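One letter stands for each residue in the lines below.
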Amino acid sequence: MYVIMWITYMAFLLVFFGAIFAVWCYRKRYFVSEYTPIDSNIAYSVNASDKGMAWLLTSTLPSSPALPGEATCCDQLGAAFEGYLRRLFTKWGAFCVRNPGCVIFFSLVFIGACSSGLMFVRVTTNPVDLWSAPSSQARREREYFDTRFGPFFRTEQLIIRAPQTKKHTYQPYPSGADVPFGPPLDKDILHQVLDLQTAIESITALYNNETVTLQDLCLAPLSPYNNNCTIMSVLNYFQNSHSVLDHIKGDDFFVYADYHTHFLYCVRFINFVKNYKNPNLTISFTAERSIEDELNRESNSDIFTVVISYGVMFVYISIALGHIKSCGRLLVDSKISLGIAGILIVLSSVACSLGIFSYIGVPLTLIVIEVIPFLVLAVGVDNIFILVQTYQRDERLHGETLDQQVGRVLGEVAPSMFLSSFSETVAFFLGALSMMPAVHTFSLFAGMAVFIDFLLQITCFVSLLGLDIKRQEKNRLDILCCVQGANDGTSVQASESCLFRFFKNSYSPLLLKDWMRPVVIAIFVGILSFSIAVLDKVEIGLDQSLSMPDDSYVIDYFKSLSQYLHAGPPVYFVLEEGHNYTSLEGQNMVCGGMGCNNDSLVQQLFNAAELDSYTRIGFAPSSWIDDYFDWIKPQSSCCRVFNVTDQFCNASVVDPACVRCRPLTPEGRQRPQGEDFMKFLPMFLSDNPNPKCGKGGHAAYSSAVTILGNDTSVGATYFMTYHTVLKTSADFIDAMKKARLIASNITESMGVQGDQYRVFPYSVFYVFYEQYLTIVDDTIFNLGVSLGAIFLVTLVLLGFELWAAVIVCVTIAMILVNMFGVMWLWGISLNAVSLVNLVMSCGISVEFCSHITRAFTVSTKGNRLGRSEEALSHMGSSVFSGITLTKFGGIVVLAFAKSQIFQIFYFRMYLAMVLLGATHGLIFLPVLLSYIGPSINKAKMSTTQERYQGTERERLLNF
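## Re the overall build of the protein
Looking only at helices and strands, the protein features 34 helices and 16 strands. Among the 959 residues that make up the protein, the fraction classed as buried is 53%. Of the roughly 42500 Å² of accessible surface on the protein, 60% is carried by carbon and sulfur atoms.

This is the structure:
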């Protein structure tokens, strides 16, 4: 949070001091006198046929030295800020080229110091920490539940089918209707399942030189009286015994009763398993940690695919960065070593970001590891291409040294690099204000990585570029710099690449023809209209099966779960501490039996279960207080005490000293209140159910009631029921919303809103799905904050060109809206993963838009159409080769990832953001600027004329 505040303060301080500086310059009339050539001692003499000068300086100026009208304050302010940045980066670039050893050494020290924090790195794979904020309602309610009642038990579940066995029909003897029995209830199958169950119970493990069994870990609600594990299985009907399963009753001619009869009677009361092989059984199963384990395996399984993806991008960058002018100079003019150095700088910035936050103690997430390298590569490579390709097109002036030339080139392009990088940095850091852990963590790491990448580019990379130019001028081979290349008589000269000539001579004139521009606007407006129309149709949520690898056993479990089961996850309605259960009024507000309120807690849950298709509550709740009243009434044989010691006497105990807790009188038949209520409640909660008393509360309610103050009062309690079967994300989200609505109504009807307690629902999946209740608001907040930050920084760094900043933000907003259209068409749901990608696409869109827009604002052509064509001609090729082509090869590889989450949320969304960014930045934006781009800055034009007055370049600019 300190980093976010620091970056935010820096952005506003930049605006504040920039305004002060501009006013000061205006008062001192420094707008013209400060704009002097790079070195006043250099005599500029260039032939009219020279090529490749810096693109800004080759633009055509009006022949008249004076401009119509006077420059406004905003024009003068923008010109002053533009000039300040140009001079600053010019001097800095020259320094880096003159002192490469010093700059590279300190850069390596900085990288080493920051990256060493990786020794303290922690990776978060716990789904709760990934998807739920610590301060969220579901997280706080989960902690309340775990603190009062203990952590939710871990559930392991097996779903068994018998596809090789046919169903059969049981014919009761001597009479009765035929009963069909499905394949899983065949006796031979049940015997095999019992063998499997017994084998599971016999599993052991060695931990700290001690043998651990299932009984050491399982839930045993009757302990310490009975340590048997809770295993809910159809074989419980047969006491988990082969002999009981085979037991029959009959004679030599007829079977009167067997396991069929036993089963029909009972149902009136309504890495081991994975490797288990049985041709007669098809098993679907899951465990508490299955999803977490499979998420980890998914990430590991796609490491190879991700490595190939980045490898493809690395190879392209290394090859495309060079500009080969002849076969003889192939190994001299190539820039493989410089390209590799640029890639290493990008990776180093990622390592520095991870290290810095690891020092602080911020844990990594899988999203950070998988997404941020891609993001920083998009930003960093674009800047590298712009810097290198601008130098390759530049002609060294007469008498100009290498450090002065590189400094001058950096002074021209670094403001554009600074604009894109700093706006992305501020946008990401402000995006870290999000309460969603995945978005918060990603934004922190991304903002720091982009900022460090820019710092390393204008320091270490500029020095490396100077060394590479010296190597090339000395005719030494790339990589093998000690080897002298063959001298074919050519020298290092400025030249234009084929892609640059295509954009300049073919693409830009065609795109900006009078008949083409309206067509482009109409097409993009139509696409935008469609995206707006489907904006609210994008599905919200994340299908759990999509987060699993294609070959995961959990996918089969999800399918079986929705196909065969009829009860959803358990839900607990928790009544917080503070309610008075000992008074008649307090009891009536909760219980569901005779005499209780019609709108009591239990009664409202019962009513909700009657409307299960709407409320998503599948069954009536288990009510400990109603069972307690049944247990304690004198007509029952459950509540007994020894008449001498007054200690509890279980119903199974045969002893004349055991007497009823309450007398068989009208007064004794009433509900216990006051001290009586608390006197017998601990006995109820410790009583194990038995054949003589099935109401004992130990098994069902021992953890449902918190007793306080040495058995003097009742604290928090819960009432358990089940949701209906929940299959899709929409089902889970709706179930949580309805449960919270029911709990709110109960709290209101109990009249305890003003008290310090309430009723709330809790289910184990709430912490994962709560984010979707506010995902729309979170999306609007994060994207709005990002756009606002981009607008602010763009406004300042474009020299206070207000209308230019508006156009940039409008174009980025169009890209984001169209991303939602693609999400609807391609079946991509809105969740934390896609929201991270949307935030990232907002940052990458800056790269596609800011460079073109800045080139337009600094152009001195006479009209908008000419300035737009010049901006697209000179910056379009760098943007296209630096972002679009670099990413396209790597994105295609992601289509072959094993995991569905990679295929959907990374391949599809990455491809969409690159294609939309490229089409908007290289097609729509130039056309829009040609229509409504900002007017020419008269102060900038005047200062440009002033800088080159009396030089040969003035004649070229006016040529």
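## Let's talk about the sheet that holds strand β15 (residues 713-722)
The strand order β14-β15-β11-β16 describes an open sheet built from four strands, whose pairing is antiparallel. Of all strands in the sheet, those with a lone pairing partner are β14 (705-708) and β16 (759-762), marking the two edges. For this sheet, the mean angle separating the axes of adjacent strands, direction not counted, is 15°. Bridge count between strand β11 (residues 570-575) and β15: six bridges; the pairing is antiparallel. Residue pairing for β15: Val574 is matched across the bridge by Tyr718. Where helix α6 (residues 137-149) meets the sheet, its contacts fall on β11, β14, β15 and β16, and the angle it forms with β16 comes to roughly 90°.

## A word on the pairing of strand β5 (residues 204-207)
The pairing of β5 with strand β6 (residues 210-213) spans four bridges and is antiparallel. From the neighbouring strand, Tyr207 faces β6, where its bridge partner is Glu210. Hairpin connection of β5 to β6: two residues between the antiparallel strands, including Asn208 at a positive phi of 50°.

## Focus: the packing of aromatic side chains
Here the structure, examined in full by the defined rule, presents 42 aromatic pairs. Ring geometry for Tyr628 versus Trp631: centroids 6.3 Å apart, planes at 25°, classification stacked. Note that Tyr628 and Trp631 are positioned in helix α23 (residues 624-632) at a spacing of three residues, about one turn of the helix. Given a relative accessible area of 0%, Trp631 falls into the buried group. We note Arg517 situated over the ring of Tyr931; from NZ or CZ to the ring centre the distance is 4.5 Å.

## Looking at the pairing of β16
Side chains on a regular strand alternate between the two faces of the sheet. Of the two faces of β16, the one holding Val759 and Pro761 and the one holding Phe760 and Tyr762 are both buried throughout. Across four bridges, β11 lies against β16 in antiparallel orientation. Bridging across to β16, Phe573 finds its partner in Pro761.

## Description of the packing of α23 against helix α24 (residues 675-686)
Contact geometry of α23 with α24 gives a least axis separation of 11 Å together with a crossing angle of 95°. Classified by the angle their axes make, α23 and α24 are roughly perpendicular. Only Asp676, Phe677, Phe680, Leu681, Met683 and Phe684 of α24 make contact with α23, whose side of the interface consists of Trp624, Asp627, Tyr628, Phe629, Trp631 and Ile632. Each residue belonging to the contact of α23 with α24 can be placed in one class, and the counts come to ten nonpolar, no polar and two charged.

## A short note on α6
Helix length check: α6 (13 residues) gives 18 Å between terminal C-alpha atoms against 18 Å at 1.5 Å per residue, within 8%. Turning to α6, its buried residues number three or more, namely Ala138, Arg139, Glu141, Tyr144, Phe145, Asp146 and Phe149. Taken from the residues just after α6, Gly150 is the one with a positive phi, measuring 95°.

## Concerning the nonpolar core
With 218 residues, the main nonpolar core has Phe442, Trp631 and Leu681 as its most contacted residues. Discounting chain neighbours no more than four positions away, the residues touching Trp631 are Ser636, Cys638, Cys639, Phe648, Phe680, Met683, Phe684, Asp687, Cys693, Lys695 and Gly696.

## Comments concerning helix α7 (residues 187-201)
Each α-helix turn comprises 3.6 residues. Residues three or four places apart therefore point the same way. The first and last C-alpha atoms of α7 sit 21 Å apart over 15 residues, in line with the 21 Å expected at 1.5 Å per residue. Taken together, the buried positions of α7 are Ile189, Leu190, His191, Gln192, Val193, Leu194, Leu196 and Gln197. At the N-terminal end of α7, a side-chain oxygen is found 3.0 Å from the backbone nitrogen of Asp188, two or three residues along, and the residue is Asp186.

## Considerations on unusual backbone geometry
When glycine is set aside, most residues are seen to have a negative phi, and most peptide bonds are trans. One non-glycine residue with positive phi stands out, namely Asn209, at about 65°. Relative to the assigned elements, Asn209 resides in the loop between β5 and β6. Notably, Gln239 is not glycine yet its phi reads approximately 55°, a positive angle. Note on placement: Gln239 falls in the loop between β6 and α8 (242-246).

## Re the pattern of salt bridges
Counted by the stated rule, this structure contains 18 salt bridges. Where Arg98 meets Asp403, a salt bridge forms, and the shortest distance between an N and an O atom there is 3.0 Å. Its relative accessible area of 48% is what places Arg98 among the partly exposed residues. Of the charged contacts in the structure, one is a salt bridge between Asp627 and Lys695, with a shortest N-O distance of 3.2 Å. On the criterion of sequence distance, the pair formed by Asp627 in helix α23 and Lys695 in the loop between α24 and α25 (698-701) is long-range, its members being 68 residues apart. In the salt-bridge network here, residues are joined through shared partners; they are Arg616, Asp731, Asp734 and Lys738.

## So, a nonpolar patch on the surface
A cluster of nonpolar side chains, Leu510, Trp515, Val519, Ile523 and Ile527, forms an exposed patch at the surface whose accessible area comes to about 470 Å². With three residues, helix α18 (residues 516-533) is the single largest residue contributor to the nonpolar patch. Tracing the sequence through the fold places Trp515 in the loop between α17 (498-511) and α18.

## Let's talk about the state of the cysteines
Linking two cysteines covalently through their sulfur atoms gives a disulfide. Scanning all chains against the criterion turns up four disulfides. The side chain of Cys638 participates in a disulfide bridge whose partner is Cys693; the two sulfur atoms lie 1.9 Å from each other. What sets the handedness of the Cys638 and Cys693 disulfide is the S-S torsion sign, and at about 110° it is right-handed. In this pair, Cys638 is assigned in the loop between α23 and β12 (640-642) and Cys693 in the loop between α24 and α25, connecting sequence segments 55 residues apart. Take Cys638 and Cys693: they sit in the same class, and that class is buried. What pairs with Cys639 in a disulfide is Cys661, and their sulfur atoms sit 2.0 Å apart. Looking along the S-S bond of the Cys639-Cys661 disulfide, the torsion reads about -95°, which is the left-handed sense. Of the two residues, Cys639 is situated in the loop between α23 and β12 and Cys661 in the loop between β13 (658-660) and α24; the sequence distance between them amounts to 22 residues. By relative accessible area, Cys639 is classed as buried at 3%.

## Structural notes on the confidence of the model for the protein
When the pLDDT values of the protein are averaged, the result is 78; 80% of them are 70 or greater. Every residue in residues 950-959 scores below 50 in pLDDT, and together they form 26 contacts with partners more than four places removed in sequence or on other chains.

## Description of the environment of Ile248
Mapping Ile248 onto the fold places it in the loop between α8 and β7 (249-250). By relative accessible area, Ile248 is classed as partly exposed at 47%. Separated by twelve residues in the primary sequence, Ile248 and His260 have C-alpha atoms spaced 9.7 Å apart. Not counting residues up to four positions away in its chain, the partners in contact with Ile248 are Val255, Ala257 and Asp258.

## Looking at the packing of helix α4 (residues 100-115) against helix α16 (residues 437-473)
Helix-helix packing is characterised by the crossing angle of the two axes and by the distance between the axes. Between α4 and α16, whose axes approach to 9 Å, the crossing angle comes to 145°. Between α4 and α16 the crossing geometry is left-handed. Contact residues: α4 offers Pro100, Val103, Ile104, Ser107, Phe110 and Ile111, while α16 offers Ile452, Leu456, Thr459, Cys460, Ser463, Leu464 and Leu467. Its residues placed into classes, the contact of α4 with α16 shows ten nonpolar, three polar and no charged.

## Brief notes about the side chain of Ser531
Mapped onto the secondary structure, Ser531 falls in helix α18. Among the polar contacts made by the side chain of Ser531, one reaches the side chain of Asn818 at a distance of 2.9 Å. When residues no more than four places from it in sequence are discounted, the contact partners of Ser531 are Val817, Asn818 and Gly821.

What counts and what doesn't
- Residues numbered from 1 in each chain as written.
- Predicted model: local features only at pLDDT ≥ 70, side-chain atom pairs only at ≥ 80, totals over all residues.
- Heavy atoms only, no water.
- Helix = DSSP H or I, 4+ residues; strand = E, 2+ residues; numbered from the N terminus.
- Buried < 20%, exposed > 50% of the residue type's maximum accessible area, 1.4 Å probe, protein only.
- Areas by Shrake-Rupley, 256 points an atom, 1.4 Å probe, with all protein chains shown as cover.
- Pairing = 2+ DSSP bridges.
- Axes fitted to C-alpha atoms, helices over the stretch in contact; angles between N-to-C directions.
- Contact = heavy atoms within 4.5 Å.
- Phe/Tyr/Trp six-rings, centres within 6.5 Å; stacked < 30°, edge-to-face > 60°.
- Lys NZ or Arg CZ within 6 Å of the ring centre and 35° of its normal.
- Parallel < 35°, antiparallel > 145°, perpendicular 65-115°, else oblique.
- Nonpolar A, V, L, I, M, F, W, Y, C, P; charged D, E, K, R; others polar.
- Expected span 1.5 Å × (residues − 1).
- Core = buried A, V, L, I, M, F, W, Y, C linked by side-chain atoms within 4.5 Å.
- Polar contact = N/O pair within 3.5 Å; in protein donor to acceptor, adjacent residues only side chain to side chain.
- Salt bridge = Lys/Arg side-chain N within 4 Å of Asp/Glu carboxyl O.
- Patch = residues over 30% accessible without salt bridge, like charges linked within 9 Å, V, L, I, M, F, W, Y side chains within 5 Å.
- Disulfide = S-S within 2.5 Å.
- pLDDT = per-residue confidence, 0-100.
- Left-handed = near helix turned anticlockwise from the far one by under 90°.

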